[in-house]
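Spelled out, the chains give:
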Amino acid sequence: MINPEQGFTSGVIREADRFVGRYEDIRDCIKAINTELGLVAVYGKRGVGKSSILRQIQHMALGDYGLSKKSGLEREIPTRPRTYLTVYYTCDSMIRSGQDLLQRLCNDQDPEDGLLRLVPNDGKEIVEFARTKEVSLGADLKVVNWGSKGIESSKYARIIPNDIVQTFRNMVNAIVIHQVEKRMKRDGLLVLLDEFDVIKDKAGLGSLIKSLSSEKVKFGVCGIGRDLTDLVNDHASIERLLEEGAIHVKPMAEMELERIITRAEELFKGALSFSSTVKARIAKLSQGYPYLVQLFGKECVAVANKTSVNEIDDHVFDMVIEDIQSGRAFPTLEAMYQKAIGGSTDRQKLLWLLAEHKEEAPLYQDESGRIQLKKVRTDADVFDIPYVDQLLPRLIDANYGPILYREKQGVYEFLNPVFRVYVTLRNI
Ligand SMILES: Nc1ncnc2c1ncn2[C@@H]1O[C@H](COP(=O)(O)OP(=O)(O)OP(=O)(O)O)[C@@H](O)[C@H]1O
Ligand SMILES: [Mg+2]
């Protein structure tokens with residue numbers, strides 16, 4: 001039996017050896033973390049691969065440039081790259097504002113990624129650890145013992161009641177002096193904030209980050225957005241900070257998607273191989289989304305295990321396609337699908353029409369995915385789907401997804417582009 005996780009994963013890519021492609025983005029990342037003052041902003045569509053890039057930024061910030069070297073970008077690495085200690089925090093929708101965010105950061109007890117772990121105090125035991133298997137270069141700090149006094153850092157960083165901004169500054173200053181400079185001899189502290197887009201009240205976030213950034217403290221924000229204004233709406237205030245740090249993550253080219261499978265073959269160490277036509281088929285069907293390649297890969301392993309083969313050829317892959325069409329292959333996406341159509345075959349047809357709807361601009365250039373309802377209506381007539389206006393509301397209703405997002409009158413977009421691709425796969 002082959003373990004699918006050995007070659008494929010549907011989670012965020014942490015290890016550099018599973019990370020494929022993204023040559024341009026990696027180059028931008030190198031630049032962004034090596035500028036003295038500046039903010040890093042990683043943005044793009046849902047499921048496109050943003051967090052995986054943010055994790056690679058973390059490796060580089062620690063001085064681990066293994067991935068850049070493997071990508072042939074050795075020349076882009078400065079002779080003396082800037083190195084950091086890092087904090088990685090994933091936001092959630094309970095964080096309403098910048099104040100809330102700082103409050104959370106100041107209380108995050110994650111032993112490997114939290115801010116609090118780095119605040120010096122007497123009892124706490126902090127050790128160095130490497131985030132990658134291979135390198136000892138990229139050491140970060142983690143807590144192995146919070147100490148008998150609990151989390152008592154007031155001696156080093158003054159906690160100011162009712163002033164979270166100042167408390168955060170004090171904590172960060174203590175970290176910079178004691179851990180970044182004295183202990184680890186690094187250039188700065190890098191605070192990476194994933195899912196930054198979910199913060200509801202974005203007013204003032206940009207200027208808050210600007211005021212907290214310095215030569216010693218850099219922020220990296222990451223989230224869903226068509227452009228930077230979706231991440232920080234007062235982005236004018238940080239425009240100059242972003243000159244070298246804006247990284248727009250786009251869907252991947254088919255060649256790169258194929259390389260995810262080739263990399264998986266290497267990780268399976270010869271236990272499983274894919275024919276070149278299957279690789280090409282998977283890459284094409286995934287329409288730019290590495291997540292789908294990973295899901296296809298896993299399903300191929302499942303079928304290979306079931307039928308005791310170790311090469312995925314067209315014949316085996318046809319079975320995978322059958323599993324997808326019947327809704328067996330990708331249960332999470334299938335659950336969304338069933339909830340969306342709500343037992344109506346007409347709505348099922350309409351959903352398919354919407355998913356197949358293409359704007360004139362090619363996917364990789366624009367990747368907008370906007371749907372003009374007017375055109376869909378015309379097609380609905382052709383395919384004999386009645387009552388579009390009665391079928392549509394469920395797809396916009398938050399209780400059933402929502403599947404679509406209404407941009408303006410008559411213009412819609414799939415909230416989750418991976419789901420859109422799934423709808424097309426479900427009906428090939
Ligand atoms: N460079 C890559 N090489 C191989 N697989 C990748 C790469 N980038 C992303 N993936 C795969 O794609 C999927 C989505 O990646 P990731 O979670 O980083 O995307 P995201 O944009 O942060 O998603 P979300 O919008 O849901 O937060 C994961 O299954 C991951 O394994
Ligand atoms: Mg993510």
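Note that the structure is a prediction, hence the values are computed from the model and not measured. All residue numbers refer to position in the chain's written sequence, counted from 1. In the order they appear in the text, chains get letters beginning with A and ligands get numbers beginning with 1. Only residues with pLDDT of at least 70 are given local features in this predicted model, and only at 80 or more are side-chain atom pairs given and counted; all residues enter the totals for whole chains, interfaces and linings. Excluding hydrogens and water, the side-chain values take into account all heavy atoms of the structure.

*Asks:* Looking at this structure, I do not really get the pattern of salt bridges. What am I missing?
*Replies:* When the charged atoms of two side chains with opposite charge come close together, those side chains can pair. A pairing counts as a salt bridge when a side-chain nitrogen of Lys or Arg comes within 4 Å of a carboxyl oxygen of Asp or Glu. By the definition in use, this model includes 21 salt bridges. The residue Arg96 makes a salt bridge to Asp100 at a minimum N-O spacing of 3.1 Å. Here Lys216 makes a salt bridge to Glu181, at a shortest N to O gap of 3.0 Å. Placement of the pair is Lys216 in the loop between α6 (205–212) and β6 (217–224) and Glu181 in helix α5 (residues 164–183), with a sequence separation of 35 residues. Take Lys216: its relative accessible area is 31%, and that puts it in the partly exposed class. One connected set of salt bridges, linked through shared partners, spans Arg55, Asp113, Arg117, Arg131 and Asp140. A run of H or I in DSSP becomes a helix once it reaches four residues, and a run of E becomes a strand once it reaches two; helices and strands are each numbered from the N terminus. Buried, partly exposed and exposed residues are distinguished by accessible area as a fraction of the type maximum, computed with a 1.4 Å probe on protein chains only: under 20%, between the cut-offs, and over 50%, respectively.

*Asks:* In this structure, what is going on with helix α12 (residues 345–356)? I would like to understand it.
*Replies:* Note that an α-helix has 3.6 residues per turn; residues three or four places apart therefore point the same way. Here a helix's expected span is defined as the number of its residues, less one, multiplied by 1.5 Å. Along its twelve residues, α12 runs 16 Å from first to last C-alpha, staying within 8% of the 16 Å computed at 1.5 Å per residue. Regarding α12, the residues found buried are Arg347, Leu350, Leu351, Leu353, Leu354 and Ala355. Under the rule applied, a polar contact is a pair of N or O atoms within 3.5 Å (in protein, one hydrogen donor and one hydrogen acceptor; residues adjacent in sequence only if both atoms are side-chain atoms). If you check the start of α12, you find a side-chain oxygen 3.4 Å away from the backbone N of Asp346, and it comes from Ser344.

*Asks:* Hey, could you run me through the site of ligand 1 in this one?
*Replies:* Near ligand 1 lie 22 residues; those nearest to it are Gly11, Gly47, Lys50, Ser51 and Ser52. In the model, an oxygen atom of ligand 1 is placed 2.9 Å from a nitrogen or oxygen of the Gly47 main chain. A distance of 3.3 Å is found between an oxygen atom of ligand 1 and a backbone nitrogen or oxygen belonging to Tyr291. What sets the accessible areas is the Shrake-Rupley method with a 1.4 Å probe; for residues, cover comes only from the shown protein chains. Expressed as a share of its isolated accessible area of 630 Å², the protein-covered part of ligand 1 is 90%. Listing elements by their share of the shell around ligand 1, those giving two or more residues are α2 (50–61) and α9 (290–307). Classification convention: Asp, Glu, Lys, Arg as charged; Ala, Val, Leu, Ile, Met, Phe, Trp, Tyr, Cys, Pro as nonpolar; all other residues, Gly among them, as polar. Its residues assigned to classes, the shell around ligand 1 shows nine nonpolar, eight polar and five charged. Mapping the shell around ligand 1 onto the domain boundaries places at least three of its residues in each of domain 1 (22–115 + 157–249) and domain 2 (254–325). Residues are classed as near a molecule or strand on a simple rule: at least one heavy atom within 4 Å of it. Those domain boundaries reflect an automatic or database domain assignment.

*Asks:* Can you help me understand the pairing of strand β5 (residues 188–194) in this one?
*Replies:* Every regular strand shows the same layout, with side chains that alternate between the two sheet faces. The buried count for β5 comes to seven of seven residues, which makes it a mostly enclosed element. Side-chain alternation along β5 places Gly188, Leu190, Leu192 and Asp194 on one buried face and Leu189, Val191 and Leu193 on a second face that is also buried. Pairing of strand β2 (residues 84–90) with β5 involves seven bridges; the strand directions are parallel. Bridge pairing links Leu85 to Leu189 in β5. At least two bridges found by DSSP between two strands is the condition for calling them paired.

*Asks:* Looking at this structure, I do not really get unusual backbone geometry. What am I missing?
*Replies:* Most of the time, phi is negative for any residue but glycine, and the peptide bond is trans. In this structure, the amide linkage connecting Gly401 to the following residue, Pro402, adopts the cis form with an omega of -15 degrees. The topology assignment puts Pro402 in the loop between α16 (393–396) and β11 (404–408). For Arg22, which is not glycine, the phi torsion reads 65 degrees and is therefore positive. Following the sequence through the fold, Arg22 ends up in the segment before α1 (23–33). Even without a glycine there, the phi angle at Ser308 is positive, about 55 degrees. Here Ser308 shows up in the loop between α9 and β9 (311–312).

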